[in-house]
Amino acid sequence: MSINLSPETIRLLLILAATVAAHAAARLVLQHAEKIAARTSNIWDDSLIEAARRPLPVLIWLGGISFALHLIHRQTGEQLLEYVAPARDIGVVACIAWFLFKLIRELGNNVVSARSRAGEEVDRTTVDGLSKVARITVAVAAALGVMQTLGFSISGVLAFGGMGGIAVGFAAKDLLANFFGGLMIHLDRPFNVGETIRSPDKQIEGKVEHIGWRQTRLRATNMSLIYVPNALFTSIVVENPSRMSHRRIRETIGLRYDDLGKMSAIVAEVQAMLQNHPDIDTGQDTVVAFDQFADSSINLVFQAFSKHTKLSQFHASKQDILLRISDIVAKHGAAFAFPTRTLHLNQPAS
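Residues numbered from 1 in each chain as written. Predicted model: local features only at pLDDT ≥ 70, side-chain atom pairs only at ≥ 80, totals over all residues. Heavy atoms only, no water.

## Looking at the environment of Arg135
- Here Arg135 is to be found in helix H5 (residues 124-149).
- Among the residues examined, Arg135 registers a relative accessible area of 31% and is labelled partly exposed.
- Residues Arg135 and Lys102, spaced 33 residues apart in sequence, show a C-alpha to C-alpha distance of 9.7 Å.
- In this structure, Arg135 is in contact with Phe101 and Ile104, ignoring residues within four places of it in sequence. (Helix = DSSP H or I, 4+ residues; strand = E, 2+ residues; numbered from the N terminus. Buried < 20%, exposed > 50% of the residue type's maximum accessible area, 1.4 Å probe, protein only. Contact = heavy atoms within 4.5 Å.)

Following this line, the structure appears as structure tokens:
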């Protein structure tokens, strides 16, 4: 028993078989390429393979199905099938955009992973910022490609966008200010995610948890969340204690006026102690001096820079220094002053 197939049916079966074969071949090629890429340290090949893993089969089937529908349209003249070509073009643009979105994400993750494994510092804020800009660029290009496919004039769209941009700028100036504020944060990098910042101009202090395009999220010391519009960072002073190289210790110590003769020896011994203290950076200015005749005390002032920037370690180091100074004062038979007042009474006339 023989089955008679028309030439048109044979062509459709051949197209289906070719599509299945192309899908299988693409899968085998990607698997082989993945094994080769696993033996290299280049992040580009891993990112390209992972980004193409799903869009490539969809693109192959899209081409095969659209070609088959095109043959059916030539045979039947069905008007609905006239939309196959623009639908195919839109699908191709969508697959390319899908591939680029995945490539951007994979590159960002691989860059962070590679630097972390190498023990290098990872600037996650910059990676996220560049990824966001790249995704916006791909989305705009894909939208323009789809409009071109649908028959819209790109020049007209751009001209309308230019005129409409003025109206949108006035209507959403705060939103745009926050957007450009976020862009400047990503470019200038005054702080990164995970760093603690504060502003002397505003009552803002906390650890940066997220930097978005509209606002930045901080975790305050009392563990509450602070949402700061990005535009605010363009007009205020921002301190970044996380990037300090040292922490300064500066204290004034009041001694009794009775200990004036012991001041020189105390100053010299405190100076020597600070110079030999393991937590003090002697490359920075270290000052110990008799500073002032105060109302109830003679004041010794000292300044030094601790190597510790972590707050807990800094306070432990400062405590040790203050206790050593207390021992030095006691060793010389001196004592700390406290507010006193002398009252002179006139003797009554006899």
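## Observations concerning unusual backbone geometry
- Unusually for a residue other than glycine, Arg189 sits at a positive phi of about 55 degrees.
- Tracing the backbone shows Arg189 in the loop between helix H7 (173-188) and strand E1 (196-199).
- Residue classification places Arg189 among the partly exposed residues on the basis of a relative accessible area of 36%.
- Positioned with a positive phi, Met223 is a non-glycine residue whose angle comes to about 70 degrees.
- Among the structural elements, Met223 can be located in the loop between strand E3 (215-219) and strand E4 (225-229).

## A short note on the sheet that holds strand E7 (residues 298-306)
- Read across the sheet, 3 strands follow the order E5-E7-E6 without closing on themselves; strand pairing throughout is antiparallel. Single-partner strands in this sheet number two, and they are strand E5 (247-255) and strand E6 (287-293). Averaged over all pairs of adjacent strands, the angle between their axes in this sheet comes to 20 degrees, without regard to strand direction.
- Across 6 bridges, E6 lies against E7 in antiparallel orientation. Along E7, the bridge assignment pairs Ala289 with Val301.
- Set on the sheet, helix H8 (residues 263-276) makes contact with E5, E6 and E7; between it and E6 the angle comes to about 150 degrees. (Pairing = 2+ DSSP bridges. Axes fitted to C-alpha atoms, helices over the stretch in contact; angles between N-to-C directions.)

## Details of the pairing of E7
- Counting buried residues in E7 gives 9 out of 9 residues, a clear majority hidden from the surface.
- Neither face of E7 is left uncovered, since the one carrying Ile298, Leu300, Phe302, Ala304 and Ser306 and the one carrying Asn299, Val301, Gln303 and Phe305 both have all their residues buried.
- Where E5 meets E7, 9 bridges bridge the pair, whose relative direction is antiparallel. Bridge pairing in E7 links Gly254 to Asn299.
- Where E6 folds back on E7, the antiparallel hairpin that results is connected by 4 residues.

## Focus on the packing of aromatic side chains
- Tallying each qualifying case throughout the model produces 3 aromatic pairs.
- On the numbers, 5.1 Å between centres and 80 degrees between planes, the contact of Phe290 with Phe293 is edge-to-face.
- An aromatic cluster of three or more residues is present, and its members are Tyr257, Phe290 and Phe293.
- Directly above the ring of Phe314 sits Arg247, whose terminal nitrogen or CZ lies 5.7 Å from the centroid. (Phe/Tyr/Trp six-rings, centres within 6.5 Å; stacked < 30°, edge-to-face > 60°. Lys NZ or Arg CZ within 6 Å of the ring centre and 35° of its normal.)

## Some thoughts on the nonpolar core
- Counting 21 residues, the largest nonpolar core has Ile266, Leu274, Phe302, Ile321 and Ile325 as the members making the most contacts within it.
- Elements represented by at least two residues in this core include exactly E5, H8, E7 and helix H9 (311-331).
- The leading source of residues in this core is H8, at 6 residues.
- Not counting residues up to four positions away in its chain, the partners in contact with Ile266 are Leu255, Leu300, Ile328, Val329, His332 and Ala334.
- Ile185, Ile197, Ile204 and Leu218 belong to the second largest nonpolar core, which has 10 residues in total. (Core = buried A, V, L, I, M, F, W, Y, C linked by side-chain atoms within 4.5 Å.)

## Regarding the layout of surface pockets
- By volume, the largest pocket amounts to about 220 Å³.
- Looking at the largest pocket, the residues that line it are Thr196, Arg198, Glu205, Pro241, Ser242, Met244, Arg247, Thr309, Lys310 and Leu311.
- Residue composition of the lining of the largest pocket, grouped by class: 3 nonpolar, 3 polar and 4 charged. (1 Å grid on protein atoms, 1.4 Å probe; cavity = no way out; pocket = protein on both sides within 12 Å on 5 of 7 lines; lining within 4 Å. Points joined across faces, edges and corners; volume = space filled by probe spheres on them. Nonpolar A, V, L, I, M, F, W, Y, C, P; charged D, E, K, R; others polar.)

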